[in-house]
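# Breakdown of the fold
Single-letter residue listing:
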Amino acid sequence: MANKNTSTVLNLGSQRVSLATIAGGSKGSLALTRYVHHDLEGDPTSDATRIPQLQMGVKSVVDQAKVKGNLVRCALAGQPVFMRFVKLPPLSEDKVDQIVEFEAQQNVPFPINEVSWGYQLIGEPGSIDVEVLLAAIKGDELSSINAAVERSGLKTLSVDVSPMLVYNAFRHAYSDQTKPALILDIGARTANLIYAEPGKVFISSSRIGGASFTQAIAKEMEIPFETAEQLKLQKGKINVTGEEPGDEQEGLIASVLQNAVTRLHGEVVRTNNRYKSQQGGSLPEIVYLAGRASGTPYLAHFLQEKLGVPVEYFNPLRNVAVGPKVNQEQVAAEAHTMGELVGLALRNGAQSPIELELVPESVGAARDVERRKPALFLGAACLLGALGAGGFYFTNAASVVDSQVDDVNRDVAALQEVQDGIDSANKDLNEVKERSSDFVGALSMRAFWADFLTDLNNRVQSPDSVLWFTQLIPVVNETKLTKEIGDDLENAFRGRDLSKLRGDGGGRGGRGRGRGNEADADPVAIDSVILKGLFRSPARPTIVSETLMTALQESPYFKLEGEGPDGEEIVLQELITDLEDGTDDEVWAYNFELTLPLKNPIVIE
């Protein structure tokens, strides 16, 4: 049996669940005595299967490690957690909780009573540089994750957030490091950028993760996510050596990964500049790679060339002994993925730099009961005495209560008849709504394009008439529904074969339906439009990049933030696909082109 200084720690990653037991020794020493993991199947971005997959993974590692019934500290992936650094005015310690709760209400994007949240002060209260690190997660989501853990036979002791644990593990493993450092922790769904320098910490998250690499391969090769994941692990690498790929498939995967890590490099550069300008931090002089997706071959070499600083793999086990029952080769190969486990073990002993945790409702209730046990015991004794004295009274009162219950039951029966009538009427109403929904939708679509073009026209009105549209092209899955207008006007306006855009056997990826089944084919949905137009001299491109784009943001028809039809994060300026510079005052008008995702795709039956 593990002694009281042994921690059972569990990392609930998006694509892997890992469990370890780490023993604490004298003077804060740690020893890894057991390590097991279970890889989750399927696309980690699919929230519908997240909890069942997670519970299956936790049960697997619990059975492997034989730790059923243990108290466990859990690490939560950063993806579902909202994190923000907020600067505070100088304040006294007795005002901290009040001010931080106010800041949480202002910054957390959910009602504060619907979330589990916590905070950590960075700096001392009263100083001019004090900041607070806020973290919050929806309460029902945290409860679902915790229930999956406890149904697997464990008892939750605490829930911490992945990037903060990795920072704690870094401080433990690299206590001698004085250079400004960046720990780039690339997980399945996010890449966490953790900046560490003496007396300062900053954490930022990006949606570029290992799953986005796999999704890009799956989209490019038109294969399922699971197949793309296997190919990525088998053949995926960054081609920085100039070597010819072994085959066409390997070359295609290398090209996709090259584009993905180039985006990641751009995200690192942007966050470096934000950390320096807004947080007053120093640019990192060394980068440590952590997380499973950072194991992509030659990624460290690529980033070192691009960033111009040394890039190494993070080793949270530098100051942790590895026991004889642990697979030494496996741990050596996967050490860069174990920062959360070491960070959790540190929470069981000496003070960690960051001690922020998120408390599930059931854990908070259990802690509250534990704190109130003495008062509860005293109250129970008083209650027993009161029950003895009141027993006689309640015996006589029981007959009166029974009579009143009979009266209430009769009223309930009458009300139930009314409720049955309401339920029947609601059922009839829902049937009418269901039968009329197609007619309502058809009537709405009759006026759609007129309303759409009217709204669009209103957004380019100006006294100088310096901007107008010349062409609108509907787009389905990056395919234009109309051809470019050239000399051949008749062919330009010919209709496209829509069967190539739906899964009815008429194009790639179809379901094998014949022409006789066209009525059963999947509908085609216009998800974007291309707007082409001109702006007139002496206007400058800002009439498009600023004035027009600001006006279009207010339109109810366009989706200019969040994820686009391709699943990638929408960047406003990237929607401008062609824009002349407008610097030649002798030219009468200049071209521009916008590709704008629609909020609600338009179905073409």
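Every value quoted in this text rests on a predicted model; they were computed, and no experiment measured them. As a convention, each chain's residues are numbered from 1 in the sequence order in which they are written. In keeping with the model being predicted, local features are shown solely for residues with a pLDDT of at least 70 and side-chain atom pairs are shown and tallied solely at 80 or more, while totals for entire chains, interfaces and linings include all residues. Values shown for side chains rest on all heavy atoms present in the structure; no hydrogens or waters enter the calculation.

## As for the sheet that holds strand β10 (residues 191-197)
Applicable threshold: At least two bridges found by DSSP between two strands are what make those strands a pair. Helix numbers and strand numbers start at the N terminus; a helix is a DSSP run of H or I with at least 4 residues, a strand a run of E with at least 2. Interaxial angle, 0 to 180 degrees, is taken between N-to-C directions of lines fitted to C-alpha atoms, where a helix line uses only the stretch in contact.
Ordered in space as β11-β10-β9-β12-β13, the five strands form an open sheet in which the pairing is mixed. Two strands bound the open sheet, and with one partner strand each, they are β11 (200-206) and β13 (311-313). Between one strand axis and the next, the sheet turns by 20° as a mean value, whatever way the strands run. When strand β9 (residues 181-186) meets strand β12 (residues 286-290), the two strands line up parallel, connected through five bridges. Across the sheet, the residue bridging to Leu184 is Leu289, located in β12.

## What to know about unusual backbone geometry
Trans peptide bonds make up the majority, and among non-glycine residues the majority have a negative phi. Rule in force here: Remark: exposure states derive from per-residue accessible area (1.4 Å probe, protein chains only) relative to the maximum for the residue type, with buried under 20%, exposed over 50%, and partly exposed in between.
A positive phi angle is found at Glu222, which is not glycine, with a value near 55°. You can see Glu222 is positioned in the loop between α5 (210-221) and α6 (225-235). Using a relative accessible area of 48% as the deciding quantity, one classes Glu222 as partly exposed. Even without glycine at this site, Glu478 takes up a positive phi of about 70°. For Glu478, a relative accessible area of 60% corresponds to the exposed category.

## Quick notes on the packing of helix α4 (residues 162-173) against helix α10 (residues 339-346)
Where we set the bar: Here the angle decides the label: under 35 degrees means roughly parallel, over 145 means roughly antiparallel, 65 to 115 means roughly perpendicular, and every other value means oblique. Residues are treated as being in contact if the distance between any of their heavy atoms lies within 4.5 Å. Classification convention: Asp, Glu, Lys, Arg as charged; Ala, Val, Leu, Ile, Met, Phe, Trp, Tyr, Cys, Pro as nonpolar; all other residues, Gly among them, as polar.
At a minimum axis distance of 7 Å, the contact between α4 and α10 shows a crossing angle of 75°. Put simply, α4 runs roughly perpendicular to α10. Packed against α4, whose contacting residues are Ser162, Leu165, Val166, Asn168, Ala169 and His172, the element α10 presents Gly339, Glu340, Val342, Gly343, Leu344 and Leu346 at the interface. Split by residue class, the contact of α4 with α10 holds six nonpolar, five polar and one charged.

## Focus on the pattern of salt bridges
What counts, and what does not: We define a salt bridge as a contact between a side-chain nitrogen of Lys or Arg and a carboxyl oxygen of Asp or Glu at a distance within 4 Å.
By the definition in use, this model includes 19 salt bridges. With its nearest N and O atoms 3.7 Å apart, the salt bridge here joins Asp39 to Arg292. Separated by 253 residues along the polypeptide, Asp39 in strand β3 (residues 30-39) and Arg292 in the loop between β12 and α8 (299-307) bring together distant segments of the chain. Look at Asp39 and you get partly exposed, because its relative accessible area is 35%. The shortest N-O distance in the salt bridge between Lys237 and Glu250 comes to 3.7 Å. One end of the pair, Lys237, is in the loop between α6 and α7 (248-278); the other, Glu250, is in helix α7, with 13 residues separating them in the sequence. Overall, the relative accessible area of 26% leaves Lys237 in the partly exposed class.

## Focus: the sheet that holds strand β5 (residues 82-87)
Reading across from one edge, β5-β7-β6 is the order of the three strands in this open sheet, with antiparallel pairing throughout. If you trace the sheet from one side to the other, it starts and ends with β5 and β6 (115-122), each paired once. Geometrically, the sheet is characterised by an average inter-axis angle of 20° between neighbouring strands, direction not taken into account. Here β6 pairs with strand β7 (residues 131-138) via eight bridges, running antiparallel. Across the sheet, residue Trp117 finds its bridge partner in β7, namely Ala136.

## Considering the packing of aromatic side chains
Rules: Stacked, tilted and edge-to-face are the three classes assigned to paired rings of Phe, Tyr and Trp, where Trp is represented by its six-membered ring and a pair needs centres within 6.5 Å; plane angles under 30 degrees give stacked, over 60 edge-to-face, the rest tilted.
Under the counting rule described, the total for this entry stands at 18 aromatic pairs. Judged by centre distance (4.5 Å) and plane angle (25°), the rings of Tyr195 and Tyr275 are stacked. Of this pair, Tyr195 sits in strand β10 while Tyr275 sits in helix α7; the two residues are 80 residues apart in sequence, bridging distant segments of the chain. Of the two residues examined, Tyr195 and Tyr275, each falls in the buried class. A network of ring pairs unites the aromatic residues Phe448, Trp449, Phe452, Tyr557 and Phe558 as a single cluster.

## Some thoughts on the pairing of β11
Burial analysis of β11 places five of its seven residues in the buried class, which makes it a mostly covered element. Taken together, the seven bridges between β10 and β11 define a ladder with antiparallel strand orientation. Residue pairing in the sheet places Ile194 in a bridge with Ile203 of β11. As consecutive antiparallel partners, β10 and β11 are separated by two residues, and within that stretch Gly199 has a phi angle of approximately 75°, a positive value.

## A few points about the side chain of Ser555
Cut-off, in case you're wondering: Between N or O atoms, a polar contact is any pair within 3.5 Å; within protein, one atom must be a potential hydrogen donor and the other a potential acceptor, and residues adjacent in sequence are included only when both atoms are from side chains.
Along the chain, Ser555 turns up in the loop between α15 (542-553) and β18 (576-579). For Ser555, the side chain forms a polar contact with the side chain of Asp455, separated by 3.0 Å. Not counting chain neighbours up to four residues away, the residues in contact with Ser555 comprise Asp455, Arg459 and Lys599.

## Comments concerning the environment of Tyr174
Among the secondary structure elements, Tyr174 is positioned in the loop between α4 and β9. The buried category is assigned to Tyr174, whose relative accessible area is 6%. Counting along the chain gives 145 residues from Tyr174 to Asn319, while the straight-line C-alpha distance between them is 8.5 Å. When near neighbours in sequence (up to four residues on either side) are disregarded, Tyr174 contacts Tyr288, Tyr313, Phe314, Asn315 and Arg318. Within the structure, Tyr174 has its side chain in polar contact with the backbone nitrogen of Asn315 (distance 3.0 Å).

## Overview of the confidence of the model for the chain
Going by this rule: Per-residue confidence from the predictor is given as pLDDT, running between 0 and 100.
With 85% of its residues at a pLDDT of 70 or more, the chain shows a mean pLDDT of 83. Taken as a whole, residues 505-516 scores under 50 in pLDDT and shows 19 contacts with residues more than four places along the chain or in a different chain.

## Some points on the side chain of Thr337
For Thr337, the position within the fold is in the loop between α9 (328-334) and α10. For Thr337, a relative accessible area of 13% translates into the label buried. Here the side chain of Thr337 touches Glu334 through a polar contact of 2.7 Å, landing on its backbone oxygen. Once residues lying within four places of it in the same chain are set aside, the contact partners of Thr337 are Asn11, Tyr35, Gly291 and Arg292.

## Some remarks on a negative patch on the surface
Heads up, the condition is: Patch criteria: residues need more than 30% relative accessible area and no salt bridge. Like-charged residues are merged within 9 Å; nonpolar side chains of Val, Leu, Ile, Met, Phe, Trp and Tyr are merged within 5 Å. Using a 1.4 Å probe, the Shrake-Rupley method yields the accessible areas, and only the shown protein chains count as cover for residues. Think of it this way: Lys and Arg go in the positive column, Asp and Glu in the negative one, and His and the chain ends go nowhere. Charged groups are reduced to one reference atom each: NZ for lysine, CZ for arginine, CG for aspartic acid, CD for glutamic acid.
A grouping of Asp578, Glu580, Asp581, Asp584 and Glu586 is seen on the molecular surface, where their side chains present a negatively charged patch. One can find Glu586 in the loop between β18 and β19 (589-604).

## Section: the nonpolar core
Spelled out, the test is: Residues grouped as a nonpolar core are buried Ala, Val, Leu, Ile, Met, Phe, Trp, Tyr and Cys residues, joined through side-chain atoms within 4.5 Å.
One finds Leu10, Leu12, Leu32, Met164, Leu184 and Leu358 to be the most contacted residues of the largest nonpolar core, which totals 100 residues. Take this core: its biggest share by element is eight residues, from α7. In contact with Leu184, other than residues within four places in its own chain, are Asn192, Leu193, Leu264, Val268, Val287, Tyr288, Leu289, Ala290 and Leu303. Judged by nonpolar contacts, the second largest core, of 30 residues, contains Phe448, Leu456, Ile543 and Leu552.

## As for the environment of Val72
Here Val72 lies in strand β4 (residues 71-76). Residue class for Val72 comes out buried when judged on its relative accessible area of 0%. Those residues within four positions of Val72 in sequence are excluded, and the remaining contacts are Thr8, Val9, Leu10, Val149, Leu154, Lys155, Thr156, Leu157 and Ser158.

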